Every structure is written in C-alpha cells, then in structure tokens.
Amino acid sequence: MKILVVSAHLDDFETGFGGLATKLVHAGHELVSVICVSDREEGVEGKPYREVRTQESRNAHAVLDLKPVILGYTEQRFSADPQARRAFQLLIADLKPGAVFAHWAMDVNPDHRAAAALTLEPCMQKGVNLEYFCFEVLSGPGRPQSLGYYPTHYVDIMRALE
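Residues numbered from 1 in each chain as written. Predicted model: local features only at pLDDT ≥ 70, side-chain atom pairs only at ≥ 80, totals over all residues. Heavy atoms only, no water.

Asker: Explain the overall build of the protein chain to me, please; I cannot follow it from the model alone.
Answerer: Tallying secondary structure elements over the protein chain gives four helices and nine strands in all. Reading the secondary structure of the protein chain in the N-to-C direction produces β-α-β-β-β-α-β-α-β-α-β-β-β. Sorting the 162 residues of the protein chain into buried and exposed places 41% on the buried side. Across the protein chain, every contact between residues at least 6 apart in sequence was considered, and the portion connecting residues at least 24 apart equals 76%. Carbon and sulfur atoms make up 53% of the accessible area of the protein chain, which totals about 9,400 Å². (Helix = DSSP H or I, 4+ residues; strand = E, 2+ residues; numbered from the N terminus. Buried < 20%, exposed > 50% of the residue type's maximum accessible area, 1.4 Å probe, protein only. Contact = heavy atoms within 4.5 Å. Areas by Shrake-Rupley, 256 points an atom, 1.4 Å probe, with all protein chains shown as cover.)

Have a look at this one:
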C-alpha cells in the first residue's frame, strides 16, 4: 500500500511516526513522507537550525531508504490559506496514497493544526478512497501536545525490525 505521512516539522516524522514507519517499510509498504520544514533562527553548534535539522531528517529517512519531500514553509507562519490548500490538494492527488497519516488536528502547536487541516481537506473530497490516521508528538515525557486525543489503534514499535 502506498502511504503518505504529513508532519509539520522536521522532527515530527521521527518522533511521531518513525517506529511505525519502520514497521510499514519492512512489511513491504511504499512510504512517502511530506514534511513542512521549520525555519528557526536559533543555531546548533554554530550552524543554522534549518541546515542541521534538514540533514538530521534526511539521515533519519535514509535509514529506511526514504527521501523526505521538504516543502519549505516557515515555522509558525504557514496556515490553511487558499494557496497552501491548493498545493496540498495537488500533492495528495498526484501521490494517490492508499493511507494517510497526519497530526491530530486539536493540538497546542499551530503548525500541527495547520498541517492536519491541509491534509484532511483533500482526503475528505468526494471520490477519495483511502484510510486516514492521526499520530501525536510529545513536548516531553508526560507532556502531550494533542488535546482530546484518544487513539484506537496501538502499534508495538519496540520490535520495529521484526
């Protein structure tokens, strides 16, 4: 099955979906990840944040022989405006996924909410036949960002390579 994963930030794919991505790839599914890039001003070891996180994300995806699609939106500055909505409609229509995974829409982070809205809308259009699932990321141990999130499906990622 062709699977699309949409995450708002470079690290959201790894932290919110990496274990399941590993299981899906090893089970023979085709995985496409779309990432809206964060663009912070802070640096890591003297390098621009975007440069460091982009390379880290590419390295993480390479473990699964994946190449992320980085859309280049700026952190805290993208929304479900008409231009972004149209871009997502075209992207999802072009990829023709059988299943989509995206952020839970009720989240404290505005980028997570926007990414969820941009992903959900084209998936709800008439004629789209696919499975839609949500994932969540945490701010830290015991600090969920998703509000009212009660998952119905659980995946044991401790044995991701089995």
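From this point, the narrative continues.
Asker: What's the story with unusual backbone geometry in this structure? I'm lost.
Answerer: Leaving glycine aside, a negative phi is the common case for residues, and trans is the common case for peptide bonds. Phi at Asp 65 is positive, roughly 60°, even though this residue is not glycine. Turning to its location among the elements, Asp 65 is positioned in the loop between α2 (49–62) and β5 (69–70). Judged by relative accessible area, which is 73%, Asp 65 ranks as exposed. Backbone geometry at Lys 96 places phi at a positive 50°, although glycine is not the residue there. Structurally, the position occupied by Lys 96 is in the loop between α3 (82–95) and β6 (99–103).

Asker: Could you clarify how one ought to interpret the packing of aromatic side chains in this entry?
Answerer: What describes a pair of aromatic rings is the distance from one ring centre to the other and the angle between the planes of the rings. Here the structure, examined in full by the defined rule, presents five aromatic pairs. Pairing Phe 17 with Phe 101 gives two aromatic rings, centres 4.7 Å apart and planes at 55°, and the pair type is tilted. Taken together, the residues Phe 17 in helix α1 (residues 10–26) and Phe 101 in strand β6 connect sequence positions 84 residues apart. Accessibility assignment for this pair places Phe 17 and Phe 101 in one class, buried. (Phe/Tyr/Trp six-rings, centres within 6.5 Å; stacked < 30°, edge-to-face > 60°.)

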